[in-house]
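Remarks on the overall topology
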Amino acid sequence: MSYQREQVAAEFEQVGHGPSPTVLFVQIAGYLIALAAAYLALWIAWPNAKSVEAARRTMQLADVLRPILFFGDSSAEFYEEGETDQRGILAMLDEMLPESGVGSAANSGFTLPLFRDMFTLLQQPKSRVHTAIICVNLGFLSPAWYMRPDPFYCQSRYFLKYNGIAAQAFYRPLVAFRAVSPVSYAQVDRDRTPLYFENRRFLTVGEMERFLEAAQDTPEADRTAAIAIYMQPCTAQNPSVQALIDLVRKCRDAGIRPIPYISPINVEHGEKLLGPAFREQTEHNIAVLCKLLADEEIEPLNLAFDLPHEVFEKRHPMSTHLTAPGRTYVAQRLRDAIAQADGVVQTATTTEAAPANS
Amino acid sequence: MTFNSVQYLVFFPIVATLYFLLPHRFRWMMLLVASYIFYMAWEPFYIVLILASTIIDYLAGRALAITDKPRRRFLCLLCSIATNLGLLFAFKYFNFATRILAELSLTLGIDFTPPEWRVLLPVGISFYTFQTLSYTIDVYWGKQPTERHAGIFALYVAFFPQLVAGPIERPGHLLPQFRKHHSFDYFRAVSGLRLILWGLFKKVVVADSMALFVNPVYEDPGNFPAPILALATVAFAVQIYGDFSGYSDIAIGSARVLGFSLMKNFDRPYAARSIRDFWHRWHISLSTWFRDYLYIPLGGNRAAGLRWCLNIFLVFAISGVWHGANETFVVWGALHGLYFLVGAALAAPYNRFTGLLPDVLRKTAVPLFERIVTFVLVCFAWVFFRAQSIGDALEICTRIVLESGSYLSTRWIPAAMGLVELAPLEIAAVLACVLVTFLVEAFQGDEDQSLVFERMPLLLRRAAYLFLGLALLRLSVPQEIPFIYFQF
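Every chain is numbered independently, its residues counted from 1 as its sequence is written. Chains carry letters and ligands carry numbers; both start at the beginning, A for chains and 1 for ligands, and go up in the order they are written. The model is predicted, so local features are restricted to residues of pLDDT at least 70 and side-chain atom pairs to those at 80 or more, both for listing and for counting; the totals for chains, interfaces and linings are taken over all residues. Hydrogen atoms and water are omitted, and side-chain values are computed over all heavy atoms in the structure.

The next subject is the overall build of chain A. A tally of helices and strands in chain A yields 16 helices and seven strands. Exposure classes here rest on a 1.4 Å probe applied to the protein chains alone. A residue is buried below 20% of its type maximum, exposed above 50%, and partly exposed in between. Buried residues in chain A amount to 50% of all 358 residues. Counted over contacts in chain A with a minimum sequence separation of 6, partners at least 24 positions apart contribute 75%. Each accessible area is a Shrake-Rupley result for a 1.4 Å probe, and residues are judged covered by the shown protein chains and nothing else. A total accessible area of about 17,000 Å² is found for chain A, and carbon and sulfur atoms account for 55% of it. The way it works is that DSSP assigns letters per residue, a run of H or I at least four long becomes a helix, a run of E at least two long becomes a strand, and they are numbered from the N terminus. Throughout, a contact is declared for two residues whenever any of their heavy atoms are within 4.5 Å.

Following this line, the structure appears as structure tokens:
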């Protein structure tokens, strides 16, 4: 046995005094300075791995040198495999506006709180942005979405907030030693946050995540995902809504014109899965959003119910990913909204009719 | 609050400073408050469970002290065991038990939907339950005098360095230390800090880096070829050792700085030459607990034949259940029980065989062979420990063995490297750190790791500190990877 009493006694009898506190302090400080210097030298010579670097790259300045900046999620660049036209909404819009050009602040997993943080990019002296297109995916409003543990998203927020060399160099150890969280919400919070369906508690966010992981691509998984993402009642206190309002105010204060648009959702499929409650809840959420934006004297471009089932991604019909006709429609509507804001009179033929029932 | 957090790096120096500044008579109070703060930083409500355990066992101990009547004494013991195991069952095993019951009823054609109790598993419940049980049992057996001081007893249950993941201490070893006056000892503090640094290195650099590879593979084993499954299993063996022994080192080191001695929990387990030897080296505080409080009362070595086999098997199976409420842990424990029994049965003929070998072989090849066989057996059992279900574990084992052709191809190597999101140079550096860990521990023998540093020449020692510090900063994983044993 390793815990003999004699050993304990012997250990305790060995009393040492060591160096004086001053010498000790100098030694420790010397070690820490040497360690920090060696680490910084190592960090410069040997940059971080791709996972951290990817977040840094999203913060490139080049995009804010264009007059129009597109804050978007995965739907901005999505195209379905096998499509002839593989341009995303962003690329289409960029081609439609050759004179100004559209810069990208879009990526898979980006959400409204991140857009708000990315506003710091627009405050760079070289920034030429005068219009900000803000994608509002109705899914953003659900805790099932904004509580997702997305390390890439958190890294991006961190690098936006602290852009000094030391803060960036020490990102890894700060996360490893729990000084910075790599996820927006801890598992324990996700396990406690309820999701609702028809005014009754449905599952918690954590339970929903575990269920979807186990029941991937089954009809029940589709239904659960639709409830979790679209059926959550939206209020003014919703973190995503608050982020949107903050962003809109910041834009206005900086002389940048915000154009929020509500991305199309597959209402047909939603009603097939959840009945008329799907449209009722999404309409309610849009109304809340529009009212809050109206208080800021902004009218969002509402494309939520404009498109038919056929133009949504086949594999995940409840996502906001669109096929080429759908993407073209959204890009055209955005172009028109920009033109309208610029004061250019649009003719009736500028935008093709929506693919729905046309 | 976990050991590898900035909060602990702030909390511990404050506690240590206050501890040595306060007069001896107030120290227990300060340590008790600090221990409760340490625990409540995770989930404040569950402190109620620790308090309940403390009160019941303190009262049981006092009651045992005032009665000689065997029946009453037995009732006191039973009350303590029932309360502690009842709480453990309710918070850890209730849903597991009802699920098994539901599956059984389904097989029998009975429609039974069990109630589900949605609770979070209280961190460390298995550890402090066993520690407090050892007190009541020792008092009942007359091996330990009753602790009359409620505060000191509460500190024994909740002492923060070993509260959430051990080592599981014994009252005879830890309780007297709370009464002893500890002056600040520079050399002891340095030795403790070295152990903390070494433990952090093992957890943050070695274990967490392995987790980057192990987690995606074990979450979806069907997607990976046999060589990756085999490599992930070996990586898990490294991860769980680095994770748990790292935790134990930090716990022992923290306690040492304050002047307390905690029992050793690991002794180079992968150098074991048999499964029996492995259990003398792995999670020593738990294996000795089971030996003292389960195996010996069941008859120990005095039992013979089938009864002895049954006892051994039972002890290992219960040890498996102790780890977690899942069939995978039961199979893991049972496998070790089986290994142990087969090893015992083969010991005599094997020793006769090795006795016939030349000396040179007996001293070189035989130990190496035994270590390799033991390591392979342990890794095989780790598959069940880590897999999410028995089905996953069986799939992994089957494919590792049957898809032997895939080992000849090198196509899996880029896939394996792509899994960890580390640059090739970082992967090489992590592997070098794994090598350093095992080399240092091989050189250390059965002594303390801090002695390895102490014996180094001054310049080399400083370079070693710098190396460990740099590795902690540069190779730490930018993810929150909890200690594996927190879930137990």
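Once you've had a look at it, read on.
A few words now on the overall build of chain B. A tally of regular secondary structure across chain B gives 20 helices and zero strands. Here the C-alpha atoms of chain B give a radius of gyration of 24 Å, agreeing with the 23 Å that 2.2 N^0.38 yields for 488 residues. Considering only C-alpha atoms, chain B reaches an extent of 70 × 70 × 55 Å along its principal axes. Counting over 488 residues, chain B shows a buried share of 56%. His is not counted, nor are the chain ends, whereas Lys and Arg count as positive and Asp and Glu as negative. Throughout, a charge is located at the NZ atom of Lys, the CZ atom of Arg, the CG atom of Asp or the CD atom of Glu. If the 39 positive side-chain charges of chain B are averaged to one point and the 32 negative ones to another, these points end up 10 Å apart. When we talk radius of gyration, it's over C-alpha atoms, and the globule rule is simply 2.2 Å times the number of residues to the 0.38.

Taken together, the side chains of Val-6, Val-10, Ile-14 and Leu-18 of chain B make up a nonpolar region of the molecular surface, amounting to roughly 310 Å² of accessible area. For Ile-14 of chain B, a relative accessible area of 47% gives the class partly exposed. Patches here: salt-bridge-free residues with over 30% relative accessible area, like charges joined within 9 Å, nonpolar side chains (Val, Leu, Ile, Met, Phe, Trp, Tyr) joined within 5 Å. In the sections that follow, a salt bridge refers to a side-chain nitrogen of Lys or Arg positioned within 4 Å of a carboxyl oxygen of Asp or Glu.

Further remarks concern the environment of Asn-285 of chain A. Residues and elements named next belong to chain A. Tracing the backbone through its elements, the reader meets Asn-285 in helix H15 (residues 277-295). It is 7.9 Å that separates the C-alpha atoms of Asn-285 and Thr-235, two residues lying 50 residues apart in sequence. In contact with Asn-285, other than residues within four places in its own chain, are Leu-141, Tyr-230, Gln-232, Pro-233 and Cys-234. Distance and chemistry together define a polar contact, namely a pair of N or O atoms within 3.5 Å, with one atom able to donate a hydrogen and the other to accept it when in protein, and with adjacent residues in sequence counting only for side-chain atoms on both sides. A polar atom in the side chain of Asn-285 sits 3.0 Å from the backbone nitrogen of Cys-234.

Formed by 155 residues in total, the largest nonpolar core has its most connected members in Leu-31, Trp-282, Trp-382 and Tyr-485 of chain B. With 17 residues, the top contributor of residues to this core is helix H9 (residues 226-258) of chain B. Residue contacts for Trp-282 of chain B: discarding those within four places in its chain leaves Ile-240, Tyr-241, Asn-265, Phe-266, Pro-269, Tyr-270, Ser-287, Trp-382 and Tyr-485 of chain B. Nonpolar core, defined: a set of buried Ala, Val, Leu, Ile, Met, Phe, Trp, Tyr and Cys residues in which side-chain atoms within 4.5 Å join the residues together. Listed in part, the 50 residues of the second largest apolar core include Leu-114, Phe-115, Phe-119 and Met-318 of chain A.

All names here are of chain A. Pairs of strands are assigned from DSSP output, requiring at least two bridges between the strands. With three bridges connecting them, strand S4 (residues 194-197) and strand S5 (residues 200-204) associate as antiparallel partners. Note on S5: the bridge partner recorded for Phe-197 is Arg-200. Hairpin connection from S4 to S5: two residues lie between these consecutive antiparallel strands, with Glu-198 at a positive phi of about 50 degrees.

Bringing the environment of Thr-54 of chain B into the picture now. Residue and element names in this part refer to chain B. Inspection of the secondary structure puts Thr-54 in helix H3 (residues 47-66). Using a relative accessible area of 6% as the deciding quantity, one classes Thr-54 as buried. Discounting residues that sit within four places of it in the chain, Thr-54 has contacts with Phe-153, Ala-154 and Val-157.

So, about the packing of aromatic side chains. Residues and elements named next belong to chain B. Note on aromatic contacts: the rings of Phe and Tyr and the six-membered ring of Trp form a pair at centre separations within 6.5 Å, being stacked when their planes are under 30 degrees apart, edge-to-face when over 60 apart, and tilted otherwise. For the structure on display, the rule yields 70 aromatic pairs over all chains. Measuring from centroid to centroid gives 5.3 Å for Phe-178 and Phe-260, while their planes differ by 55 degrees, and the two rings are tilted. Taken as a pair, Phe-178 in helix H7 (residues 171-179) and Phe-260 in the loop between H9 and helix H10 (275-281) lie far apart in primary sequence, 82 residues in all. Like Phe-178, the residue Phe-260 is buried in the burial classification.

Here the structure, examined in full by the defined rule, presents 33 salt bridges over all chains. One salt bridge connects Arg-116 of chain A with Asp-117 of chain A, and the closest N-O pair in it is separated by 4.0 Å. Taking relative accessible area as the criterion, Asp-117 of chain A reaches 18% and is therefore assigned buried. Arg-273 of chain B is paired through a salt bridge with Glu-370 of chain B; the nearest N and O atoms lie 2.7 Å apart. Here Arg-273 of chain B is found in the loop between H9 and H10, whereas its partner Glu-370 of chain B is found in helix H15 (residues 365-386), with 97 residues between them in sequence.

Our focus in this paragraph is helix H11 (residues 284-295) of chain B. All names here are of chain B. A large share of H11 lies buried, amounting to eleven of its twelve residues. Residues of H11 that are buried: Ile-284, Ser-285, Leu-286, Ser-287, Thr-288, Trp-289, Phe-290, Asp-292, Tyr-293, Leu-294 and Tyr-295. Those residues of H11 that are buried lie in contact with helix H5 (125-141), H10 and helix H12 (305-323).

We now examine empty space enclosed by the protein. All names here are of chain B. Cavity: a set of points on a 1 Å grid over the protein atoms alone where a 1.4 Å probe fits but cannot get out. Pocket: an open set with protein on both sides within 12 Å along at least five of seven lines, its lining residues, like those of a cavity, having an atom within 4 Å of a point. Grid points are joined across faces, edges and corners, and a volume is the space filled by probe spheres set on the points. What the rule picks out here adds up to three cavities of 30 Å³ or more. The volume enclosed by the largest cavity comes to roughly 60 Å³. Taken as a whole, the second largest cavity encloses approximately 40 Å³ of empty space. Every residue lining the second largest cavity is listed: Tyr-19, His-24, Arg-27, Trp-28, Leu-31, Leu-155, Phe-178 and Phe-260. Gly is placed with the polar residues, together with every amino acid not listed as nonpolar (Ala, Val, Leu, Ile, Met, Phe, Trp, Tyr, Cys and Pro) or charged (Asp, Glu, Lys and Arg). Classifying every residue of the lining of the second largest cavity gives six nonpolar, one polar and one charged.

Let's shift gears to the pairing of strand S3 (residues 131-136) of chain A. Residue and element names in this part refer to chain A. Taken across its six residues, S3 has six buried, putting it largely inside the fold. Here S3 shows a buried face lined by Thr-131, Ile-133 and Cys-135 and a second buried face lined by Ala-132, Ile-134 and Val-136. Examined bridge by bridge, strand S1 (residues 68-72) and S3 share four bridges and lie parallel to one another. Bridge assignment links Leu-69 to a residue of S3, and that residue is Ala-132. Where S3 and strand S6 (residues 257-262) come together, six bridges link them in parallel fashion. The residue bridging Ile-134 from the neighbouring strand is Pro-260, located in S6.

So, about H9 of chain B. In a helix, the anticipated span is given by 1.5 Å times the number of residues less one. If you check H9 of chain B, its first and last C-alpha atoms are 48 Å apart, about what 33 residues at 1.5 Å a residue would give, namely 48 Å. Following H9 of chain B by one or two positions, Gly-259 of chain B has its phi on the positive side, about 105 degrees.

This paragraph deals with the sheet that holds S1 of chain A. Sheets are built from strands that pair by backbone hydrogen bonding, the pairs being arranged parallel or antiparallel. All names here are of chain A. One open sheet accounts for five strands, arranged S2-S1-S3-S6-S7; its pairing is parallel. In this open sheet, the two edge strands, each paired with only one partner strand, are strand S2 (102-106) and strand S7 (301-302). Geometry is summarised by axes, namely lines fitted to C-alpha atoms with helices restricted to the contacting stretch, and by angles between N-to-C directions that run from 0 to 180 degrees. In the packing of helix H16 (residues 324-342) onto the sheet, contacts are made with S1, S3, S6 and S7, and the angle to S6 comes to roughly 150 degrees.

What follows is about the packing of H15 of chain B against helix H16 (residues 390-402) of chain B. Residue and element names in this part refer to chain B. Relative orientation of the contacting elements H15 and H16 amounts to 145 degrees, with a least axis distance of 8 Å. As for the relative orientation of H15 and H16, their crossing is right-handed in sense. Residues Phe-380, Val-383 and Phe-384 of H15 touch H16, and the partners they reach there are Ala-393, Leu-394, Ile-396 and Cys-397. Partitioning the contact of H15 with H16 into residue classes produces seven nonpolar, no polar and no charged. Each helix crossing is assigned a hand: it is left-handed if the near helix lies turned anticlockwise from the far helix by less than a right angle, otherwise right-handed if that turn is clockwise.

It is worth spelling out the packing of helix H13 (residues 239-253) of chain A against H15 of chain A at this point. Residues and elements named next belong to chain A. Across the interface, H13 lies against H15 with an axial gap of 11 Å and an inter-helix angle of 25 degrees. If you check the angle between H13 and H15, you find them roughly parallel. Of the two elements, H13 crosses H15, and the hand of that crossing is right-handed. Counting all contacts with H13, which are made through Val-241, Leu-244, Ile-245 and Val-248, the residues of H15 involved are Leu-289, Leu-292 and Leu-293. Partitioning the contact of H13 with H15 into residue classes produces seven nonpolar, no polar and no charged. Should an angle fall under 35 degrees it is taken as roughly parallel, and over 145 as roughly antiparallel, whereas 65 to 115 is taken as roughly perpendicular and any remaining angle as oblique.

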